Structures are given as structure tokens and as C-alpha cells.
Amino acid sequence: MDIKNQTNTLRIITRLINNKKDNKSVIDFTPQKTEIFGKRTSTRMPRSTPRKEGVSSERINEYFKALTENHNVFPHGVIIVKNGKIIAEKEYSPYNNNIWHITYSMCKTITGMAIGMLCDYGILSVEDRVCEIMGDQLPLLTNVRLKKLTVKDLLTMSSGVVFNETGVITEENWTEGFFTSGVKFIPGSSFNYNSMNTYILSVIVKKVTGEGLCEFLEPRLFEPLGIRDYFWEKSQQGIEKGGWGLYLLPEDMAKLGQLILNGGKWGDHTLLSDKWMREAESKQIEVPESIGRYGYGYQMWIGEDPRCILFNGMFGQNISVFPDINTVVVATAGNSDMFQTNDYFELTDKYIGRGFDVPVDLPEKSATQLFVEESVEKALRRSVHKEAMPQLCEVLNGSMYKFEKRESSPVSLLPLILQTLQNNFQGGLSRMAFIINDGKFKLIVKENSGVHVIPVGFLKPEHTVLNFGGEKYMVAVTGHTSDDEDGYPVLSVKMSFIETASVREMKFYLKSDSEIELVWRETPGVEFIVNGAGAIYSSIENKIKIVKKVADILDWDIMLYQLNRILAPRLIGVKNHDLGELINILKIRTPENEKIGRSDENND
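Residues numbered from 1 in each chain as written. Predicted model: local features only at pLDDT ≥ 70, side-chain atom pairs only at ≥ 80, totals over all residues. Heavy atoms only, no water.

A. Structural detail: the nonpolar core. Counting residues in each nonpolar core, the largest one holds 74 residues, and the members touching the most others are Ile110, Leu217, Leu221, Leu256 and Trp276. In this structure, Tyr95, Ile99, Phe441 and Val465 belong to the second largest nonpolar core, which totals 52 residues. (Core = buried A, V, L, I, M, F, W, Y, C linked by side-chain atoms within 4.5 Å. Buried < 20%, exposed > 50% of the residue type's maximum accessible area, 1.4 Å probe, protein only.)

Now the structure itself:
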């Protein structure tokens, strides 16, 4: 199974770097999030002001500004809870805390909670052997080294199983892939972060209860906390992914942090026992320094200075629980970090983790009010230099460009990160056009997979929904115009996939009447994918010959160059003067674009 998995992974990478037009997934793609977020139904947490809870508003204000000004954090939203009440909240445009956000690995801690409940009920023990739990559901070729694998080994990321995150796009049966995989070390003897450990915990919940994670947690966790707006992606076998794929409202993330701060209690109800909480919050295993300075408990990270319990998801999704100061901080973001190496952690420790609860006599304003007032003032000063419809839009109106060069084939509006994580690989770009319609400037993109009509906002974001292969994505689109160093006009368009960490950016350079140069960029992007591809490549270099043969096709230096070229390509579009073709493109039925903005309903 390892050979098949590694070979298929390399095939995907090879197709990407060689610009194959038939870029597609190894396994079938089935859309899951086919609907978009509707009216908010989750309950609200109590509100207060920093001063009432003995906190300096100015300190919070400085924290928000530090996150804003840092070039590595890329925050989407922050919520601060003190004494069980939200005392400050910040949204970084165009993101909205009233729309759910992908959690990535943050949800591993929630899966760990489900296991804790089963242990509290006496259905499971952390010392139970996983193979005995699975029984007749084990594959025939189960690795004998996994016979002694325990639930605790899965909880502490110490299974040693080789089958990892790349398996989600190369194998259909993840359970079989896990149990027939090679094993790096004796289970329980060392830490090796692997999301498939958490997936198997989800499989165990299904096996012993007959219920998936959502069905099991609904009456036992979600409903008691008033969490009603969520979506959890599933595997091909219909089992929640467990270690990723969960969308939650940021305020509902804060409730989960508060539950941990309360020692597993919510109101008059005990959802997790003291015994489980003590074990889960204790450092159970040593973690390599390269990952960060946090230890690991049961599917949660443990910090010591300051004392902190952390739900951590890649690209900046974090719930930080500070027991000593009775505080929870929730953050969503779009940076390029996997673990706790981002500046966010240092800033949060500096402003929140140390001396946060020192009372200061300040005006009775929340930090949110202070920061918003300052931000509005700055925005008003900046907006004087903006235009609702820049002159360049008039120049581009009614023009269309063909991108027929081979190098453009794998480029899609959908960021490559999202294509890979969701196994939703798209066809390449072929046409782009610009029109002014209904008083709005719109970008029309024709890809092999369909046509997208995208309104662009210049004074404020325009919101729309894009459909890729049946999977729907909320997008906020902003634009601005400028001149490059040679004086040529430039149109910049930024597409924020606001439920996720991903952003797609395009810059159009008008250097002649007949051609347009288009430069693409995505974040998270080059740094993250190159590092991931390097890890895969280096892990394969000295492996079995059949896998090594595929790896030998690639020269690593060339591979890095090609990956950079694919992730940040420069394309030339040739102007097409046949407006009839533009009209035909506009007549093609496209998925209905639904407005996604803040409504009065969402602010109830």
C-alpha cells in the first residue's frame, strides 16, 4: 500500500510540474459542500467590556494592531473571551466572524473529546488495542506491527504509521491504507504528527457507537454549547475526516475553548470528566523542537510558558486557552505555517498570555470599539484616493483575451492548495473577458471546467459564490489600479475564499493594445507547497526501486523551479477581436451567484 500511495503522489506532482493538460485526481472527486452558509442559528456567548473584566482595553487594541501590521500572520478574525464573556472581537476585511471558517487540524481536539466521552462512559479505554476494537473490519493484510497499537497511541500521534495526509488524494479506502501501511517505529515510542491517526479515531467512534462523529457529538457537545452551524467533510467511506474538514463559526470555536477552560463543564452539565481533562491537558509525549515549543496531550497541544492549552490548525486556525488568567483567544487566518512557528504565538503570548489581567482605569469602551473607530478614520482618509470605477475599467470593457499557451493549462481560479486538499482538481484557463454590467465591473473567466462571472469591488469587496465541480466557495473580490515601474497600467484583483485560508491574486499588465500579461499568485502558496513536496521527495529518494524509478524522473532543483512557475505563473493573453465569441461566452449558463454579505439577519 505504501508503494501505491507514494507512486500516486509522485504522479500528481509530476503532472503538476510538467503542466499536463489532463491534470486530474488519482481517485474520484465527489463534491460535499454543495450548499453555502445561510442564516446564523448558533447561540451567542455573553458580552462584556475589557474594563468590567479587569483588562486593559489599550492592551487589546495594541494586540489587534500588532496582528494587523505583522507580515506573517495574515489574520482573518480574532475573538477574546475573559471570564466566560466575549470582551473584544476583530474582523479583518473581507472576512466575517458570522460566516463559518475551515478549522483544518484545529478540529482534531474535538475528535479527541469524542473519544474522551466514550472513555467516560466506560465504552473505551485509552489502553484498548485498536485492532481488537476494529475486529472483522481490519483488512486482511494488516501490518503485524500494529497489533499492539492502542487508542492512546492514536491520541498522542505516536502510531508510527507511514500512511499519512497524502493518502487522502491517492487512496479511496483510508482505513485499509492505514492498517496495511509500513510503521516507522514501535507504536507509542515516539511522536510523529499524522492526521490519519485522528481519522482512525473517527472510525473507532463509528465502530463502537454506530454513529458518525457529528451524530454522536450533536446531543453530547454541539447542542449543549449551542453550536448549530457546522459542516464536516467525510471520507469515501462516509466517515467524518476527524482530523480536518470541519467548518465552524469563530464564536463556536470560542465556546469549545471555554469548555476546556471550565474543565469539561458547561453550565450545570459535565460533558467531560475531571479525570479525562487532567490526562488530556497533560503533556503525554515529547515533540520535536522544529514543530514548536508546545508539547502534546490527547489531540491537543500543551504550552508551559505561559501555561496554555491549544487547538491548532494549519495556516493560523487556533483556539488558545490560558487557564491562569481565565482567558480564551480564537484566531482564524491565512498564513503559510503548519504548526506553532508563526509570529502569531509570540504576539499572543506577549499581549495576552503575560500580565493580561492587570486592571487599568480606562474609558468604558471595548477594544473592538477603539480599534474600529481608528480603522474607520484611516479608511476614510485612504478612500479619498479610490474610485468606484477606475478609468482602466472603461478601457478594458468589452475586451477578451485568449490564453492558448501550454503553460496556462493547469492554471485555475481555484487555488492549487484548495484543489489538492479537497481533491478537486480543475481544468486550465482558456479565456478571460472584461465587461461593465449593471454598474459593476466584472471579470469573466472561461476554464475547461466552466465559466465564472466575477464582480469586482473597488471601494468595498463584492461577494459571490463560485462553483468548481459542484463544490461551492464563498468569494470576496476586491480590485485596484496602479502603474508599474515603466508606467504601464495595472489592474490587480484579489479573490479571498473567505471560508478558508486561501487567496487568489491576479495582476493584469496592459503593455500593448493586442496583449495582456497576467501574473498569478496564491496564498498560502509557493512556500507551503514547495516545503511539502520536498518532504515527500526526500522521503522517497531511498525507497523501494519501483517508487524510486518514478522519483528519478525528477531533478529536485528543476522540480523547485517548476513548482514556483506553476504556483506563480506569468501568462500572455492575446486580444480576441471577435466580440461574437464574447457574447456566446456570456450566454453560457453559469452557477447562480448568490450575494454573501453581512445582513441584518446575520447580526441578530
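From this point on, the discussion continues.
B. Representation of empty space enclosed by the protein. Summed over the entire model, instances satisfying the criterion amount to 4 cavities of 30 Å³ or more. The computed volume of the second largest cavity comes to approximately 60 Å³. Lining the second largest cavity, in full, are His76, Gly77, Tyr95, Asn96, Asn97, Ile99, Trp100, His101, Pro250, Thr332 and Ile498. Counted by class, the lining of the second largest cavity contains 5 nonpolar, 6 polar and no charged residues. (1 Å grid on protein atoms, 1.4 Å probe; cavity = no way out; pocket = protein on both sides within 12 Å on 5 of 7 lines; lining within 4 Å. Points joined across faces, edges and corners; volume = space filled by probe spheres on them. Nonpolar A, V, L, I, M, F, W, Y, C, P; charged D, E, K, R; others polar.)

C. Main features of the environment of Glu304. Secondary-structure assignment places Glu304 in strand 9 (residues 301–304). Under the relative-accessibility criterion, Glu304 is labelled exposed at 59%. For the pair Glu304 and Tyr294, spaced 10 residues apart in sequence, the C-alpha to C-alpha distance is 7.4 Å. (Helix = DSSP H or I, 4+ residues; strand = E, 2+ residues; numbered from the N terminus.)

D. Molecular detail of the pattern of salt bridges. Scanning the entire structure with this criterion turns up 23 salt bridges. Linking Arg293 and Asp349 is a salt bridge whose minimum nitrogen-to-oxygen distance equals 1.9 Å. Separated by 56 residues along the polypeptide, Arg293 in the loop between helix 10 (274–280) and strand 8 (295–296) and Asp349 in helix 11 (residues 343–353) bring together distant segments of the chain. Taking the relative accessible area as the measure of exposure, Asp349 reaches 3% and is therefore buried. (Salt bridge = Lys/Arg side-chain N within 4 Å of Asp/Glu carboxyl O.)

E. Region of interest: the packing of helix 2 (residues 57–69) against helix 11. Look at helix 2 against helix 11: their axes get within 10 Å of each other, and the N-to-C directions meet at 170°. When the axis of helix 2 is compared with that of helix 11, the two are roughly antiparallel. Contacts from Arg59, Glu62, Tyr63, Ala66 and Leu67 of helix 2 reach helix 11 at Tyr344, Leu347, Thr348, Lys350, Tyr351 and Ile352. Here the contact of helix 2 with helix 11 is built from residues that sort into 7 nonpolar, 1 polar and 3 charged. (Axes fitted to C-alpha atoms, helices over the stretch in contact; angles between N-to-C directions. Parallel < 35°, antiparallel > 145°, perpendicular 65-115°, else oblique. Contact = heavy atoms within 4.5 Å.)

F. Quick peek at the packing of aromatic side chains. All chains considered together, the criterion is met by 25 aromatic pairs. Site record: aromatic cluster; members linked through ring pairs are Phe191, Tyr193, Tyr296, Trp301 and Phe339. Over the face of the ring belonging to Tyr247 we find Lys33, whose NZ or CZ atom lies 5.6 Å from the ring centre. Stacked on the ring of Tyr473, the Lys or Arg Lys33 has its end atom at 6.0 Å from the ring centre. (Phe/Tyr/Trp six-rings, centres within 6.5 Å; stacked < 30°, edge-to-face > 60°. Lys NZ or Arg CZ within 6 Å of the ring centre and 35° of its normal.)

G. Representation of the sheet that holds strand 11 (residues 317–322) in the model. Taken in spatial order, the 7 strands line up as 2-1-12-11-10-9-8 in an open sheet, and their pairing is antiparallel. In this open sheet, the two strands that pair with only one neighbour each are strand 2 (85–91) and strand 8. Relative to strand 10 (residues 307–313), strand 9 runs antiparallel, the two sharing 4 bridges. Paired with Ile302 across the bridge in strand 10 is Ile309. The strands touched by helix 2 within the sheet are strand 1 (75–82), strand 2 and strand 12 (327–333), with strand 1 carrying the most contacts at an inclination of about 160°. Against the sheet, helix 11 makes contact with strand 1, strand 10, strand 11 and strand 12, and its axis sits at roughly 30° relative to strand 11, the strand it touches most. (Pairing = 2+ DSSP bridges.)

H. Region of interest: the sheet that holds strand 5 (residues 246–248). Taken in spatial order, the 3 strands make up an open sheet running 3-5-4, and their pairing is antiparallel. Two strands close off the open sheet at either side, each with one partner strand: strand 3 (101–102) and strand 4 (230–232). The pairing of strand 3 with strand 5 spans 2 bridges and is antiparallel. Residue pairing across strands places Ile102 opposite Tyr247, the latter belonging to strand 5.

I. The arrangement of the confidence of the model for the chain in detail. On average, the chain scores 85 in pLDDT, and the residues at 70 or more come to 78%. The low-confidence segment residues 372–385 (pLDDT under 50) makes 3 contacts with residues lying over four places distant or belonging to another chain. Low confidence marks residues 589–604, where pLDDT is under 50. Its contacts with residues over four positions away, or in another chain, come to 37 contacts. (pLDDT = per-residue confidence, 0-100.)

J. Structural view of the pairing of strand 20 (residues 503–509). Of all the 7 residues making up strand 20, 5 are buried; the element is thus mostly covered by neighbouring parts of the structure. Where strand 19 (residues 489–497) hands over to strand 20, the hairpin turn is made up of 5 residues, counted between the paired strands. In terms of strand pairing, strand 20 meets strand 21 (residues 515–523) through 7 bridges, oriented antiparallel. Opposite Tyr509, over in strand 21, you have Glu517 as the bridge partner. Counting the residues between successive antiparallel strands, the hairpin from strand 20 to strand 21 contains 5 residues.

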